[in-house]
Amino acid sequence: MAKQSYTRRDAARAVEAFMQRLVQRNPGEPEFHQAVRDVAASVAPHILANEELRSARILERMTEPERIVIFRVPWETDDGEVRTNRGWRVQFNGALGAYKGGLRFHPTVNQSVLKFLGFEQTLKNALTGLPMGGAKGGADFDPKGRSDREVMRFCQSFMIELRRHIGEDTDVPAGDIGVGDREIGYLFGMLRRIENRFTGAITGKGEAYSGSPLRAEATGYGCVLFAEMMLTESGDGLRGKRIAISGSGNVALFAAEKATELGATVVTMSDSDGFVHDPDGFDRDKIERVKDLKQRRRGRIEEHAKKHRKATFTRGESPWSAAVECDVALPCATQNELSGAHAKRMIKAGVRAVVEGANMPCEHDAIEAFRAGRVLVGPAKAANAGGVAVSGLERAQNASHTLWDRDTVERRLEEIMRHIHDQCVRDGRGREKHVDYVRGANLAGFKLVAAAMLAQGIV
Ligand code: NDP
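Bear in mind that the values here come from a model prediction, so they are computed numbers and not experimental data. (Residues numbered from 1 in each chain as written. Predicted model: local features only at pLDDT ≥ 70, side-chain atom pairs only at ≥ 80, totals over all residues. Heavy atoms only, no water.)

1. A few points about the site of the ligand
Here is step 1: What surrounds the ligand is a group of 25 residues, the closest being Asp176, Thr219, Ser272, Arg300 and Asn359.
Here is step 2: Between the ligand and the protein, one listed contact pairs an oxygen atom with a side-chain N or O atom of Arg215 at 3.1 Å.
Here is step 3: Taking Val251, its main chain carries an N or O atom lying 3.0 Å from an oxygen atom of the ligand.
Here is step 4: When the ligand sits alone it has 890 Å² of accessible area, and the protein chains cover 82% of it.
Here is step 5: Taken together, the residues of the shell around the ligand sort by class into five nonpolar, 13 polar and seven charged.
Here is step 6: Residue contributions to the shell around the ligand reach at least three from each of two domains, namely domain 2 (67-198) and domain 3 (218-383). (Near = heavy atom within 4 Å. Polar contact = N/O pair within 3.5 Å; in protein donor to acceptor, adjacent residues only side chain to side chain. Areas by Shrake-Rupley, 256 points an atom, 1.4 Å probe, with all protein chains shown as cover. Nonpolar A, V, L, I, M, F, W, Y, C, P; charged D, E, K, R; others polar. Domains from an automatic or database assignment.)

Structure representation (structure tokens):
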């Protein structure tokens, strides 16, 4: 089929028309609209130039989840009060393999958030090169302030329903915000009991019961490896750089650990109360203490500032709203934490690269501001894919009833991050040398999913 000629304006118009229909069909889902718009803008020229993709209505089909399950999750508090939460599993796209994606327990969870996450996950999983479809799930339950027993009862009730929809060859959930080691343990325990089978139908399991080495570290480590590859590609590196990190959860902590190991200085960490600025840097010891504070004692980041003379805590602000001076920003907390106004101030303060550890932490205006300011942006679907990649490796180990050693998993993680990076460069390099990693990741992921969908017909 001969290529049709089209202009940038044609592409912009096609995106607007597409988005209008999408918003009409999915009202009240701003996060989902935002995630789709970002991808549609990157892939529109490619679709316009390809009659097969247009006639197969690939983007329309790719933005419609294959299935959404919504269910009631009743549970009992320690005081004997009955509570009801809502649970979801969004099985977004299975063209590349069994559905795979995390579970989030947080009061802000709703269908829009899970659809955005499931859509992003589909493209992210494709980029890893492993055979995984995309999904996401969770509940509007807040584990914060709940006792271990309350969390256990909630997880057990959640799994009684979820288990109908998952399985090692159907859908393989993992953790996300609010779903860490403790929750995965309780979810897996209940699944194993009901099924009377020990399977790899959940990943992120503890190493004591068939989890993979390095799964906990993988997202943060992978994100920093990706940042190092981006900087190296542009003739620089992380050594000696000041790094601002938001969050102090799973992703943030291990990103801080890897950045320090590679010779950078981490100057901020945060939680939902505010952020700590430590101009001396969070060295290995301090990071270990933050890990203990946040993961074992379930405390607040403010405590770190109380213990270190030069460190300051700013309540109600983030490293981005305060435009803390840094060379590289790693937003690792949550979606839409970094606005266009923040981005402009960060550019003035000298930021050179922003690499997304969290999913969609930068608002659309922020990405545009960074692009205009020639700041390198490493998008989440590429930069934070290390977590799902090692989940994929955990699945492979479970399926073959073996466990690999840490070095083997670390080597595979590095290879996968390199593979993702190189695909982004291939599809994101413009006429000049500059690489647009956002466009590169969107286009490379889209092409992989589209090819599988085309091959499987109209299903
Ligand atoms: P955690 O629950 O371990 O940590 C989340 C961190 O972000 C906490 O420090 C939390 O603070 C903070 N946070 C959460 N919500 C807000 C908010 N609204 N405002 C300010 N701070 C907030 O989650 P993860 O580290 O696992 O996940 C972080 C991000 O990374 C998410 O976007 C997730 O989807 C993404 N991600 C995670 C992967 C993983 O392997 N875990 C894989 C790929 C992506 P507090 O302690 O106060 O709650």
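2. Notes on the domain arrangement of the protein chain
Here is step 1: The domain boundaries assigned to the protein chain delineate domain 1 (8-62), domain 2 (67-198) and domain 3 (218-383).
Here is step 2: Using only C-alpha atoms to locate each centre, domain 1 and domain 2 end up separated by 28 Å.
Here is step 3: Tallying the contact residues gives 10 residues for domain 1 and 10 residues for domain 2.
Here is step 4: Both faces considered, domain 1 and domain 2 share a buried interface measuring about 930 Å² in area, 67% of it formed by carbon and sulfur atoms.
Here is step 5: For the pair domain 1 and domain 2, the number of links is one salt bridge.
Here is step 6: Applying the counting criterion to the domain 1 and domain 2 interface returns four residue pairs in polar contact (both at pLDDT 80 or more).
Here is step 7: Of the residues forming the side of domain 1 that touches domain 2, the biggest block, six residues, is contributed by helix 2 (residues 30-48).
Here is step 8: A breakdown of the residues in the side of domain 1 that touches domain 2 according to their chemical character gives six nonpolar, two polar and two charged. (Contact = heavy atoms within 4.5 Å. Buried area = accessible area lost by both parts, 1.4 Å probe. Salt bridge = Lys/Arg side-chain N within 4 Å of Asp/Glu carboxyl O. Helix = DSSP H or I, 4+ residues; strand = E, 2+ residues; numbered from the N terminus.)

3. Section: the sheet that holds strand 3 (residues 99-105)
Here is step 1: Taken in spatial order, the five strands of this open sheet run 1-2-4-3-5, and their pairing is mixed. The open sheet is flanked by strand 1 (67-76) and strand 5 (171-174), the only strands paired with a single partner. With direction set aside, neighbouring strand axes in the sheet form an average angle of 20 degrees.
Here is step 2: Strand contacts of helix 6 (residues 148-162): strand 1, strand 2 (82-93), strand 3, strand 4 (133-139) and strand 5, with the helix running at about 145 degrees to strand 1, the strand carrying the most contacts. (Pairing = 2+ DSSP bridges. Axes fitted to C-alpha atoms, helices over the stretch in contact; angles between N-to-C directions.)

4. Digging into the sheet that holds strand 12 (residues 376-378)
Here is step 1: The seven strands are arranged 9-8-7-6-10-11-12 in an open sheet whose pairing can be described as mixed. Each edge of the open sheet carries a strand with a single partner, namely strand 9 (312-315) and strand 12. Here the strands of the sheet are splayed against their neighbours by 15 degrees on average, with no regard to which way each runs.

5. Here's the deal with the pattern of salt bridges
Here is step 1: Enumeration according to the criterion identifies 48 salt bridges in this entry.
Here is step 2: Ionic pairing is found between Asp176 and Lys136, a salt bridge with its closest N-O pair at 3.1 Å. Here Asp176, found in the loop between strand 5 and helix 7 (181-195), pairs with Lys136, found in strand 4; they are 40 residues apart in sequence, far enough to count as distant.
Here is step 3: Here Lys291 and Glu288 are joined by a salt bridge, their closest N and O atoms 3.1 Å apart. Taken as a pair, Lys291 and Glu288 lie in helix 10 (residues 284-296) at a separation of three residues, close to a single helical turn.
Here is step 4: Lys291 gets classed as buried once you look at its relative accessible area, which sits at 13%.
Here is step 5: Given the relative accessible area of 36%, Glu288 is considered partly exposed.
Here is step 6: The structure contains a network of salt bridges with shared partners spanning Asp292, Arg296, Arg297, Glu303 and Lys307. (Buried < 20%, exposed > 50% of the residue type's maximum accessible area, 1.4 Å probe, protein only.)

6. Here we look at the pairing of strand 8 (residues 274-277)
Here is step 1: Bridging between strand 7 (residues 265-271) and strand 8 involves four bridges; their strand directions are antiparallel. Counterpart to Asp271 in the pairing with strand 8 is Gly274.
Here is step 2: Adjacent in sequence and paired antiparallel, strand 7 and strand 8 are bridged by two residues.
Here is step 3: With four bridges connecting them, strand 8 and strand 9 associate as antiparallel partners. Bridge pairing in strand 9 places Val276 opposite Phe313.

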